[in-house]
Amino acid sequence: MPNSINIYELLGGMALSLAIGALGHRRGALSPSGVVGALITGTLIFGLGGWEWGTLLVAFFVSSSALSFYRAREKEALAEKFAKGHRRDLGQALANGGLAALLAVLSQLFPSNPPLPGKGLWFVACTGAMAAVNADTWATELGVLSPRPPRLITTGRPVEVGTSGGVTWLGSTASLAGAFVIGLFGALGLLILRQGWTNAAVLLLAATVGGAAGSVFDSLLGANVQAIYWCEACGKETERQVHRCGTKTRPLRGWRWLGNDLVNFLASAVGALVAAGIGWGLL
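Description of the structure in this document. What you are looking at is a predicted structure, and each value in this text was computed from that prediction instead of being measured.

Quick look at the nonpolar core
What tends to happen in soluble globular proteins is that the nonpolar side chains get buried as a cluster. Residues Trp53, Leu103, Cys126, Met130 and Ile182 are the most contacted members of the largest nonpolar core, which totals 32 residues. Of all the elements in the fold, those that place two or more residues in this core are helix H2 (32–49), helix H3 (51–69), helix H5 (90–109), helix H6 (121–143), helix H7 (169–192), helix H8 (196–224) and helix H9 (260–282). Looking at this core, the element that brings in the most residues is H6, giving nine residues. Judged by nonpolar contacts, the second largest core, of six residues, contains Leu67, Leu142, Leu145 and Ala174.

Topic: the sheet that holds strand S5 (residues 250–253)
With antiparallel pairing, the three strands of this open sheet are ordered in space as S4-S3-S5. Bordering the open sheet on either side are strand S4 (236–238) and S5, each of which pairs with just one other strand. Averaged over neighbouring strand pairs, the angle between their axes works out to 45 degrees when direction is ignored.

What to know about the pattern of salt bridges
Applying the stated criterion across every chain, the model contains two salt bridges. The salt bridge involving Arg250 is made with Glu232; its shortest N-O contact spans 2.5 Å. Of this pair, Arg250 sits in strand S5 while Glu232 sits in the loop between strand S3 (228–231) and S4, and the two are 18 residues apart along the sequence. Here Arg250 falls in the partly exposed class, since its relative accessible area comes to 37%. Between Glu237 and Arg253 there is a salt bridge, and its shortest N-O distance comes to 3.2 Å. Here Glu237 is found in strand S4, whereas its partner Arg253 is found in strand S5, with 16 residues between them in sequence. Owing to a relative accessible area of 28%, Arg253 belongs among the partly exposed residues under this scheme.

So, the environment of Trp122
With respect to the helices and strands, the residue Trp122 is situated in helix H6. Within polar-contact distance, the side chain of Trp122 engages the backbone oxygen of Phe110 at 2.8 Å.

Structural notes on the packing of H2 against H5
Direction vectors running N to C along H2 and H5 enclose 20 degrees, while the axes themselves pass 8 Å from each other. Classified by the angle their axes make, H2 and H5 are roughly parallel. The two elements H2 and H5 cross, and the hand of that crossing is left-handed. When H2 is examined against H5, the residues Ser33, Gly34, Val36, Gly37, Ala38, Thr41, Leu44, Ile45, Leu48 and Gly49 are found in contact with a partner set consisting of Leu90, Ala93, Leu94, Gly97, Gly98, Ala100, Ala101, Ala104, Val105, Ser107 and Gln108.

How each quantity is defined
All chains use their own residue numbering, which begins from 1 and follows the written sequence. Local features in a predicted model are, by the rule used here, given only for residues with pLDDT of at least 70; side-chain atom pairs are given and counted only at 80 or more, and totals for whole chains, interfaces and linings are based on all residues. Hydrogens and water are ignored here; the side-chain numbers use all heavy atoms of the structure. In this description, a nonpolar core means a group of buried Ala, Val, Leu, Ile, Met, Phe, Trp, Tyr and Cys residues linked to one another through side-chain atoms lying within 4.5 Å. For every residue, the accessible area (1.4 Å probe, protein chains only) is compared with the maximum for its type, and the residue is labelled buried under 20%, exposed over 50%, or partly exposed between those bounds. Only DSSP runs of H or I covering at least 4 residues are called helices, and only runs of E covering at least 2 are called strands; the numbering of each starts at the N terminus. Strands are treated as partners if at least two bridges between them are detected by DSSP. Interaxial angle, 0 to 180 degrees, is taken between N-to-C directions of lines fitted to C-alpha atoms, where a helix line uses only the stretch in contact. A pairing counts as a salt bridge when a side-chain nitrogen of Lys or Arg comes within 4 Å of a carboxyl oxygen of Asp or Glu. The term polar contact refers here to a pair of N or O atoms within 3.5 Å; inside protein, the definition further demands a hydrogen-donor-capable atom paired with an acceptor-capable atom, and it admits residues adjacent in sequence only when both atoms are side-chain atoms. An angle below 35 degrees is read as roughly parallel, one above 145 as roughly antiparallel, one from 65 to 115 as roughly perpendicular, and any other as oblique. Note: crossing handedness is left-handed where the near helix turns anticlockwise from the far helix by less than a right angle, and right-handed where it turns clockwise. For this analysis, residues touch if any pair of their heavy atoms sits within 4.5 Å.

Below is the structure:
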């Protein structure tokens, strides 16, 4: 049967999410709509999942925001290629944390039987989802700084820096590290809940593999079917329907309905499924 919702935990999650969102807006990491997105996802994740779930969201937000500002001036020239800037809006907040919030809701509607700390496989899936979006963000923020040009993940052909589906060794290493960090926070949560080193190690493995798989899936979608546009005025590819120069772009390739936010959400779903599969098999 569904668990009863603790209204105090939900309100506490809302208050904490509002505080984090306000701080993120003040630091320039969130737009006003991004604060709304952070409030929605944070309230559900903290309020329904618990502190161990919320820790994953905080780890993602803090680390990804810090990397967004790291060597920002060097990345400015690439901003025209990406659909959005470093200030996350509502769409990005839901794309990155929406699945984890949904999993928190499902953990209440369909609790583990018998009950498990962290809500069992739901928590493993959440860790995998957050590991995937963190892996992708780290890969993007650090991969564009690679001294070597990226190569398209499907063909190995050299492409311009910032091209969707382009990968580098630096970006791939950063992706693995990003997934590992989220897995580490999840594992620490299990240790605090006294679930033992074996369960913590399995979660760390599941999150790292799941996160890396989600990031690779993101790159595959970017190389094959993500919507990419062309600016006639600048003669450049972009993920934007209206280029930074103000020119309306034309579709170049990919499915027009598959934007970057949806790609990120689907990548988080892959991360969750892979992590849950590993957790189910080993736990």
